[in-house]
Protein chains: 4
Amino acid sequence: MTIAFIGLGIMGSPMAANLVKAGYDVVGYDVSAERVAELEARGGKGAAGVAEAVADADVVITMLPDSPQVEEVAPVVVAHGASGLIYLDMSTIRPDTSRWVAREAAAKGVRALDAPVSGGERGAVDGTLSIMVGGDPEDFAAARPVLGALGTTIVHVGPPGAGQTVKAANQLVVGGIYGLVAEAIVLLEASGVDPVAGLDVLAGGLAGSRILDIKRHTMIRREFAPGFRIDLHHKDMGIAVAAAREAGVALPLTAQVAQLVAAARAQGHGSLDHSALLKVVERFNG
Amino acid sequence: MTIAFIGLGIMGSPMAANLVKAGYDVVGYDVSAERVAELEARGGKGAAGVAEAVADADVVITMLPDSPQVEEVAPVVVAHGASGLIYLDMSTIRPDTSRWVAREAAAKGVRALDAPVSGGERGAVDGTLSIMVGGDPEDFAAARPVLGALGTTIVHVGPPGAGQTVKAANQLVVGGIYGLVAEAIVLLEASGVDPVAGLDVLAGGLAGSRILDIKRHTMIRREFAPGFRIDLHHKDMGIAVAAAREAGVALPLTAQVAQLVAAARAQGHGSLDHSALLKVVERFNG
Amino acid sequence: MTIAFIGLGIMGSPMAANLVKAGYDVVGYDVSAERVAELEARGGKGAAGVAEAVADADVVITMLPDSPQVEEVAPVVVAHGASGLIYLDMSTIRPDTSRWVAREAAAKGVRALDAPVSGGERGAVDGTLSIMVGGDPEDFAAARPVLGALGTTIVHVGPPGAGQTVKAANQLVVGGIYGLVAEAIVLLEASGVDPVAGLDVLAGGLAGSRILDIKRHTMIRREFAPGFRIDLHHKDMGIAVAAAREAGVALPLTAQVAQLVAAARAQGHGSLDHSALLKVVERFNG
Amino acid sequence: MTIAFIGLGIMGSPMAANLVKAGYDVVGYDVSAERVAELEARGGKGAAGVAEAVADADVVITMLPDSPQVEEVAPVVVAHGASGLIYLDMSTIRPDTSRWVAREAAAKGVRALDAPVSGGERGAVDGTLSIMVGGDPEDFAAARPVLGALGTTIVHVGPPGAGQTVKAANQLVVGGIYGLVAEAIVLLEASGVDPVAGLDVLAGGLAGSRILDIKRHTMIRREFAPGFRIDLHHKDMGIAVAAAREAGVALPLTAQVAQLVAAARAQGHGSLDHSALLKVVERFNG
């Protein structure tokens, strides 16, 4: 079985490698020839363009930076893919773009699914990503084995675009918890309270969260090496705000979190870990 | 060893009972004679007033609704308590009130600690409260055995008032996560995504939290039986906002969460569980 | 001198009529044949499409609902317009779309200006619009006489897109003042204070504003006949949020105002005047 | 007719002087003996304490920094004032404190009114203050002539506390407009738009306000000499937030404005004019 993999960046490269390891014939393409060569070195096959990569594939996966890239690549996939092709777009993009891709694909007999991931570079390398999938349940069932080589939590969450909506919901909650923990730290420290002891208590009770578990000590020590970069979270909050607008709902906390992340970027912290929201709350106070 | 316990409400009553069970001589007082009788039925002793309850006590515990009640009762404790007395105020009140109590107490040789709790009625009954303690470390060490009969996580977090500050930090994070989860649910549902599947994914990743673990299903089913009432969380957000103001820090998310909780109350949901923030976000959208 | 006018809606129709009155030869086009007929009845000339309308024009004006329509029409204007043509896009759209139009136009020798307006239907009919213009200063000078037939305040505010940015700034301030006045009314009424007397005082002092001057009595009486519809202000807040994002700045109040307007729409008040933000603040409180 | 004036600070001093000029016998007291001497130099009479100042007065005016000072002074006024005395508290304090003063006063036959002012030092010197009065309408009528020597806009707005509520409403709107104008400036400048031309357009249309009229040029030039200090506005936003809480209403924009003002103070701008909210929005963005 042949899988075309388009977009061999920080996430895509190890994901493609995991597919090779799982025994699939992987044909890869990226705008960077170097990355294509890297895939070949790992046992994949390189292609000269999207059309070539896609031509003989049973499954196509795209892992691209944002909506505009998907809007460029998806029509090529659909135009050159075989009828009945399964097309997994694993990029994190706006839900309405995913719905557009699904419609365009369906018109040509291509079975598109949106399948954004969480878990970061670590999860991509280890094959332990969480994958949230939108699209037709039968197409999901057909794609399930391939996804099984990439992640451990693989959930079908609804119709086309639903995967992206769940990813957006994930990112607004993650950003919000970082903001809340940042405010808690600033309050504790300004009040002369030991933040380590204080956050230990919070982590053990109803305020507890994955973020408190794994990030509270680095946050208190102001260690913000990424991790997941502010720039990417800024992109994702833009998607969350756009998704809310598209769905016709007003989300006041989400909007405020988006501003905190935007401020982090405006303050030059785009390359830091998203826990650097703490720097924004601190700077707000002096 | 004799412990005076002032304030035998929903929390205080089972806490006093746990002290009796642990072998302490407990002398209780409450404005409600009925509650005093209840303590007597459980093996405690009743007193006719604060002064009487406190007179022969080695340790005094107060568990009162809010700052004004502590401002009434604390001077009586200090005036009638023996020198060297340990005074644990376990009410959730403003940090600056706790600091005032500590100063008044110190002037009379009374060793005051602020020791608010989290864990709710369940934790009070089971003796599994989390207790965050502010005050002198030696006084904390002396009080530790008594607190051990009431809770399982008992942490000294700093000087007088520090316990209250940590409690405030806890409540702002808890309220904030409820608000974020509420916005996530509204976004998912408005987008035609199954919220159960969606929140399952969130709970398993970086967005995961105690609240998602134990409340996501009841929230999606709109079951808001308390639990911890909106009215109490509204009081606590008032403390958090006041504590931030007192500490001279601006906390934008905290301020917004406080408005969501205030709105829940204004909408008549004061007696519902704090997860009913979902009703506020829903009403905001129709 | 011949002016092509594309988009003869509530705003465009009276604007085109004012140009006829001012002595210009006006060739109009709209997707609605009825509206084209209306322009002909007022002394203009109808065209069968954008290309035809534009062919012999010295100046082209477009007055369209939003960015997507401008993205459709502008290339046709540029393709069929004479070199040296002045092209005034008076639609309210995203600044980056206006910059794109200016670039596309410049490549073909067309001199594009973005020239959004404020002042509403009344201002369009009376020829008293405020017009904020972005683009080349010489092109502005050349277009100035035509704009003089449409408005009374006509200001060149900067390079391409600048007119849209100023319009966005205008709308965020307008939306924000409505929100603040709404909160003031809710506070006064909930406190048992006569809102008429209260707002009279505010209107006379540093809190005074055009909005308090002309809308406070209708707001207090809950009269929300448009005026400027919530739906349009929602569109404009979307532009403001997008413009801030594009400019790389975080604007926390703007983001919150956008949510209040989005909530007004979600609550079904899209056809009411934007002063109906009061209904959102009220509903938030019961 | 004798007027006792307690609190001869930046506002109180010129107000007392205006009463002297208007022909009243003014007996003044302040914790600073120097200020009392200053009043004597202007034709007033000094007193050694509140009780002495109040003893023979027909009208008592207090102009104090905040609620705690009023809570100290008001009982002395009530205890030593003649029955039937008119007591005007012109301090800006919490509405609930004013209601408490009115109740205490009424119990002793003293007719208390809350009468906070706006217009600043300039208005105090020129006798052009706006005065918003809460209390009994007959008492207001009796106090009207005295107030006429201090201000030009004098409005009875409701029962005890209503004056304070209107003042709070005024300050939340003023703070909010400063925040909105600051965000508009930041957006314009970040987008390469001339802020002078841009705000000129805003000032002339529906976005127009007293603040844009008198402060836009100084804001653009970053001139923040007070004016009305951030520290005082911070105090007033605290009152607004407390008044909303007391009235049981949630005000999301007000809460956010309060955070911006608190941030200005935390950033060390307490002594600058409140238009310095611009510095907060700028710092948020770099």
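What counts as what
- Residues numbered from 1 in each chain as written.
- Chains lettered and ligands numbered in written order.
- Predicted model: local features only at pLDDT ≥ 70, side-chain atom pairs only at ≥ 80, totals over all residues.
- Heavy atoms only, no water.
- Helix = DSSP H or I, 4+ residues; strand = E, 2+ residues; numbered from the N terminus.
- Buried < 20%, exposed > 50% of the residue type's maximum accessible area, 1.4 Å probe, protein only.
- Contact = heavy atoms within 4.5 Å.
- Areas by Shrake-Rupley, 256 points an atom, 1.4 Å probe, with all protein chains shown as cover.
- Polar contact = N/O pair within 3.5 Å; in protein donor to acceptor, adjacent residues only side chain to side chain.
- Salt bridge = Lys/Arg side-chain N within 4 Å of Asp/Glu carboxyl O.
- UniProt positions renumbered as here; feature names shortened; annotations may be inferred.
- Domains from an automatic or database assignment.
- Buried area = accessible area lost by both parts, 1.4 Å probe.
- Nonpolar A, V, L, I, M, F, W, Y, C, P; charged D, E, K, R; others polar.
- Least-squares fit on C-alpha atoms with pLDDT ≥ 70 in both.
- Expected span 1.5 Å × (residues − 1).
- Arc of directions from axis to C-beta.
- pLDDT = per-residue confidence, 0-100.
- Pairing = 2+ DSSP bridges.
- Right-handed = clockwise from strand over helix to strand, strands pointing away.

### Regarding the overall build of chain A
What chain A contains, in helices and strands, is 13 helices and nine strands. In terms of principal-axis extent, the alpha carbons of chain A reach across some 65 × 45 × 35 Å. Within the span of chain A, comprising 286 residues, buried residues form 63% of the whole. In chain A, of all internal contacts separated by at least 6 residues, the share reaching a separation of at least 24 is 64%. Accessible surface computed for chain A: about 9,600 Å², of which carbon and sulfur atoms make up 51%.

### Some points on the environment of Y178 of chain B
By the element assignment, Y178 of chain B lies in helix α8 (residues 162-190). Sequence spacing of Y178 of chain B and V50 of chain B is 128 residues, and the spatial spacing of their C-alpha atoms is 38 Å. In contact with Y178 of chain B, not counting residues within four places along its chain, are L206 of chain A together with I211, K215, M219, D273, H274, S275 and L277 of chain B. A distance of 3.4 Å separates polar atoms of two side chains, one belonging to Y178 of chain B and the other to H274 of chain B.

### Topic: the pattern of salt bridges
A complete count under the given rule lists 52 salt bridges over all chains for this structure. E282 of chain C is paired through a salt bridge with R222 of chain C; the nearest N and O atoms lie 2.8 Å apart. Of the two residues, E282 of chain C sits in helix α13 (residues 277-284) while R222 of chain C sits in the loop between α10 (210-220) and α11 (230-247), which places them 60 residues apart along the sequence. A relative accessible area of 30% places E282 of chain C in the partly exposed class. Among the ionic pairs, R229 of chain C bridges to D231 of chain C, the shortest N-O distance being 3.4 Å. Among the residues examined, R229 of chain C registers a relative accessible area of 32% and is labelled partly exposed. Each of the salt bridges in this network shares a partner with another, and the network as a whole consists of E189, R222 and E282 of chain A.

### Section: the UniProt feature "domain: 3-hydroxyisobutyrate dehydrogenase-like NAD-binding" (unreviewed entry) in chain A
Sites flagged by UniProt as "domain: 3-hydroxyisobutyrate dehydrogenase-like NAD-binding" (unreviewed entry) map to residues 161-280 of chain A. Secondary structure content for residues 161-280 of chain A is 72% helix and 0% strand, while the C-alpha to C-alpha distance between its ends is 32 Å.

### Side note on the domain arrangement of chain A
Residue and element names in this part refer to chain A. Here chain A is partitioned into domain 1 (2-158) and domain 2 (165-284). Distance from the C-alpha centre of domain 1 to the C-alpha centre of domain 2: 29 Å. Taken over both partners, the interface formed by domain 1 and domain 2 buries close to 970 Å², and the fraction arising from carbon and sulfur atoms is 65%. The largest contributions to the domain 1 side of the interface with domain 2 come from T92, P95 and M132, which together make up 43% of the buried area. Across the domain 1-domain 2 interface, the total number found is one salt bridge. A salt bridge links R99 to E246, with the shortest nitrogen-to-oxygen separation between them at 3.9 Å. Counting every contact that joins domain 1 to domain 2 gives four residue pairs in polar contact (both at pLDDT 80 or more). Contributions of two or more residues to the side of domain 1 that touches domain 2 are made by α5 (95-107) and β7 (117-118). In terms of residue class, the side of domain 1 that touches domain 2 is made up of seven nonpolar, two polar and four charged.

### What to know about the interface of chain A and chain B
Taken together, the contacts link 60 residues of chain A with 60 residues of chain B. Counting each side, the surface lost to burial between chain A and chain B is near 5,100 Å², with a carbon and sulfur contribution of 76%. Applying the counting criterion to the chain A and chain B interface returns zero salt bridges. At the boundary of chain A and chain B, one finds 10 residue pairs in polar contact (both at pLDDT 80 or more). Taken together, the elements giving at least two residues each to the side of chain A that touches chain B come down to β9 (151-158), α8 (162-190), α9 (195-203), α10 (210-220), α11 (230-247), α12 (252-266) and α13 (277-284) of chain A. Among the elements that make up the side of chain A that touches chain B, the one with the highest residue count is α8 of chain A (20 residues). Class assignment of the residues belonging to the side of chain A that touches chain B gives a composition of 40 nonpolar, 17 polar and three charged.

### Here we look at the UniProt feature "domain: 6-phosphogluconate dehydrogenase NADP-binding" (unreviewed entry) in chain A
Cross-referencing UniProt, the feature "domain: 6-phosphogluconate dehydrogenase NADP-binding" (unreviewed entry) maps to residues 2-158 of chain A in the present numbering. The annotated region residues 2-158 of chain A carries 45% helix and 25% strand content, and the separation between its end C-alpha atoms amounts to 27 Å.

### Details of the relation of the copies chain A and chain B
Relating one copy of the chain to the other requires a rotation about an axis plus a shift along that axis. If you rotate chain A by 180° and push it 0.0 Å along the axis, it lands on chain B with an RMSD of 0.0 Å. A rotation of that kind, with that shift, is consistent with a two-fold axis. Scanning chain A for the C-alpha nearest the rotation axis identifies S209 of chain A, at a separation of 1.9 Å.

### So, helix α7 (residues 137-148) of chain C
Residues and elements named next belong to chain C. Compared with an ideal rise of 1.5 Å per residue, which puts 12 residues at 16 Å, α7 spans 16 Å between its outermost C-alpha atoms and is within 8% of the ideal. Looking at α7, one finds that the buried residues are D139, F140, A143, V146 and L147. Relative to the axis of α7, the buried residues are bounded by an arc of 110° and lie together on one face. Pointing more than 90 degrees away from the buried face of α7 are the exposed residues P137, E138 and P145. The backbone nitrogen of E138 lies 2.9 Å from a side-chain oxygen of the residue at the head of α7, namely D136.

### Overview of the confidence of the model for chain A
Mean pLDDT over chain A works out to 97, with 100% of the residues at or above the 70 mark. Scored as a whole, the predicted complex attains pTM 0.96, and scored at its interfaces, ipTM 0.96.

### With respect to the interface of chain B and chain D
Opposite the 14 residues of chain B that make contact, chain D presents 14 residues. Summed over both partners, the interface of chain B with chain D comes to about 1,200 Å²; 52% of that surface belongs to carbon and sulfur atoms. Area buried by chain B at its contact with chain D is led by R245, A250 and Q259 of chain B, which between them contribute 42% of it. For the interface between chain B and chain D, the tally reads zero salt bridges. Viewed at the interface, chain D and chain B are joined by four residue pairs in polar contact (both at pLDDT 80 or more). Listing elements by their share of the side of chain B that touches chain D, those giving two or more residues are α11 (230-247) and α12 (252-266) of chain B. Element by element, the count of residues in the side of chain B that touches chain D is highest for α12 of chain B, at seven residues. Looking at the side of chain B that touches chain D, its residues break down into seven nonpolar, five polar and two charged.

### Concerning the side chain of S91 of chain A
Residues and elements named next belong to chain A. Position of S91 relative to the elements: it lies in the loop between β5 (86-89) and α5. Here the side chain of S91 touches D89 through a polar contact of 2.7 Å, side chain to side chain. In contact with S91, not counting residues within four places along its chain, are T62, M63, L64, V70, P116 and Q164.

### Describing the pairing of strand β4 (residues 59-62) of chain C
Residues and elements named next belong to chain C. The side-chain alternation of β4 yields two buried faces, one formed by V59 and I61 and the other by V60 and T62. Bridge analysis of β4 against strand β5 (residues 86-89) gives four bridges, and the strand direction is parallel. Within β5, the position partnered with I61 by the bridge is L88. Considered for its hand, the β-α-β crossover made up of β4, helix α4 (residues 67-80) and β5 is right-handed.

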